[in-house]
Amino acid sequence: MSELAVGLMSGTSIDGVDAALVEIESAGSARLVAFHCEPFPEETREFILRVITEGRVHNVTILDVALGEAFARAAAQVIEHGSVTSAAVSVIGSHGQTIWHEPGKATLQLGNPAVIAEHVGIPVVSDFRSRDIAAGGQGAPLVPIADAMLFGGTGHGRVLLNIGGMANFTWVPRRGSIDGVVACDTGPGVAVIDAVTRLIDPAARFDESGARARRGDPVDEVVDELLEHPFFQKPPPKSTGRELFGEEYARRLVARVKDRRSGATGDDCVATALSLTVRAVCEHVERWVPPNEDADLVVSGGGARNPALVERLRSYCGLSVRLFEEEFFDGDAKEAVAFAYLGWLTLHGMPGNVPPATGAKGLRVLGSVTPSGARSP
């Protein structure tokens, strides 16, 4: 018997809340029913960034409730788009908005689950990362379980690459099993590209269609130097975030480009940031994915909408590169679907982590469950 689940995700790009209504029949079957993106108003986005950089307790608590309300709106909207009622949905899996992630030590995602459960009337699974960290893991990446069970290749190996604010990949030898899975963050996705774009043009949110990167000429010497950072050399499991690849990192990249190339333009800086993302991805895949001539690379996330980035992947990476939507559904919905699936796994007492991907001591049921509300005795 199938069940409906909602997945809620807000990534390091801080664009808004992605909500997916998913029909799940078994641990190896999930179908996207409806997808909705609830954009963050600019003042909310600025508030999130301010909390990340300043971390005042008062602001953290206020933002936690405000994000809970935003996540609840997104859940209600996607349920409406799916033409079902809340009573028909078994669980909401809510990743929350990451405010701080220190791999293997501590993690904090906001978006109060009690607020979501109260507003929508559905049990909420949240705080997925903490249990994995308690078990000695990085707490990330968590999407590999969905990559392995739902999106791997049938009859061939596949690299599932998600380029959000950060970039991460999952190597799946065959769909339906976590045996042999390799996964980790590769470094910045679009977060540094976006931050560099805003530094050279404060009116721009991001590099629309990769136009600036196309016009620019990357400074390869700078990319070579940046890739010497210990994070890029470290083997999986590993994860990262804005704590390392954030606004300050973007400022240093721009300064280094202008120091290395006399007369460097802002577009050269954006092109260098894009080259960093692509080379980090491809070098990780080349280093850690076993040779497999039939394998393909399937791209999702905000970076998949940047044609300059995808073209550079195709020219630099040794695998056939395809967009996630060419085989499945809108790639923007993929991570929200994954957290609907993770919530469903928790509801059924099934583990959601992949120990080789996170470094945890073993399989663990993830998250905390917030009931839907008071019931009559």
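How each quantity is defined
- Residues numbered from 1 in each chain as written.
- Predicted model: local features only at pLDDT ≥ 70, side-chain atom pairs only at ≥ 80, totals over all residues.
- Heavy atoms only, no water.
- Helix = DSSP H or I, 4+ residues; strand = E, 2+ residues; numbered from the N terminus.
- Buried < 20%, exposed > 50% of the residue type's maximum accessible area, 1.4 Å probe, protein only.
- Contact = heavy atoms within 4.5 Å.
- Core = buried A, V, L, I, M, F, W, Y, C linked by side-chain atoms within 4.5 Å.
- Polar contact = N/O pair within 3.5 Å; in protein donor to acceptor, adjacent residues only side chain to side chain.
- Pairing = 2+ DSSP bridges.
- Axes fitted to C-alpha atoms, helices over the stretch in contact; angles between N-to-C directions.
- Phe/Tyr/Trp six-rings, centres within 6.5 Å; stacked < 30°, edge-to-face > 60°.

This next bit is on the side chain of Ser126. Along the polypeptide, Ser126 turns up in strand β6 (residues 124-126). Residue classification places Ser126 among the buried residues on the basis of a relative accessible area of 9%. Contacts of Ser126, omitting those with residues within four sequence positions, involve Ser94, Pro113, Gly367 and Ser368.

Among the nonpolar cores identified, the biggest contains 51 residues, and Val196 and Leu313 are the most heavily contacted of them. Element by element, the count of residues in this core is highest for helix α11 (residues 266-288), at 10 residues. The contact partners of Val196, leaving out residues within four places of it in the chain, are Ala250, Leu253, Val254, Cys269, Val270 and Ala273. Residues Val22, Ala146, Val298 and Phe339 belong to the second largest nonpolar core, which totals 37 residues.

What helix α3 (residues 113-120) keeps buried is the set Val115, Ile116, Ala117 and Val120. Where α3 is buried, its residues touch β1 (3-10), α2 (57-81), β4 (89-102), β6 and β12 (368-370). The distance from a side-chain oxygen at the start of α3 to the backbone nitrogen of Ala114 is 2.9 Å, and the residue carrying that oxygen is Asn112. Positive phi appears at Gly121, one or two residues downstream of α3, with a value of about 75°.

What follows is about the pairing of β4. Counting buried positions over the 14 residues of β4 gives 11, a clear majority of the element. As judged from the 6 bridges shared by β1 and β4, these two strands associate in the parallel manner. Within β4, the position partnered with Val6 by the bridge is Ile92. As judged from the 5 bridges shared by β4 and strand β5 (residues 106-110), these two strands associate in the antiparallel manner.

This brings us to the sheet that holds strand β10 (residues 296-300). Across the sheet, 5 strands lie side by side as β9-β8-β7-β10-β11; this open sheet has mixed pairing. Edge strands, defined here as strands with exactly one partner in the open sheet, are β9 (182-188) and β11 (320-323). The mean angle between the axes of side-by-side strands here comes to 20°, regardless of whether they run parallel or antiparallel. Strand direction decides the pairing type here: strand β8 (residues 166-172) and β9, joined by 6 bridges, are antiparallel. Residue pairing for β9: Phe169 is matched across the bridge by Cys184. α11 rests against β7 (158-163), β8, β9 and β10 of the sheet, and its axis sits at about 155° to β9.

Before going further, it helps to spend a moment on unusual backbone geometry. Between Ala140 and the following residue, Pro141, the backbone shows a cis peptide bond with an omega angle of -5°. Here Pro141 is to be found in the loop between α4 (128-134) and α5 (144-151). Note the cis peptide between Pro236 and Pro237, where omega equals 0°. Inspection of the secondary structure assignment puts Pro237 in the loop between α9 (230-233) and α10 (247-260). Positive phi outside glycine occurs at Ser83, with the angle close to 60°. The phi torsion at Ser209 lies on the positive side, around 60°, for a residue other than glycine. By the element assignment, Ser209 lies in the loop between α6 (191-200) and α7 (211-215).

Our focus in this paragraph is the packing of aromatic side chains. On inspection of all chains with the given rule, the structure shows 11 aromatic pairs. Here Phe151 and Phe324 contribute two aromatic rings whose centre-to-centre distance is 5.1 Å and whose plane-to-plane angle is 80°, an arrangement assigned as edge-to-face. Residue Phe151 is found in helix α5, and its partner Phe324 is found in the loop between β11 and α13 (334-347); the two are separated by 173 residues along the sequence. Seen in terms of ring centroids, Phe151 and Phe329 are 6.0 Å apart; in terms of plane orientation they differ by 70°. Their pairing is edge-to-face. You can see Phe151 sitting in helix α5 and its partner Phe329 sitting in the loop between β11 and α13, a full 178 residues away along the chain. Like Phe329, Phe151 is buried. By the ring-pair criterion, three or more aromatic residues cluster together here, those being Phe151, Phe324, Phe328 and Phe329.

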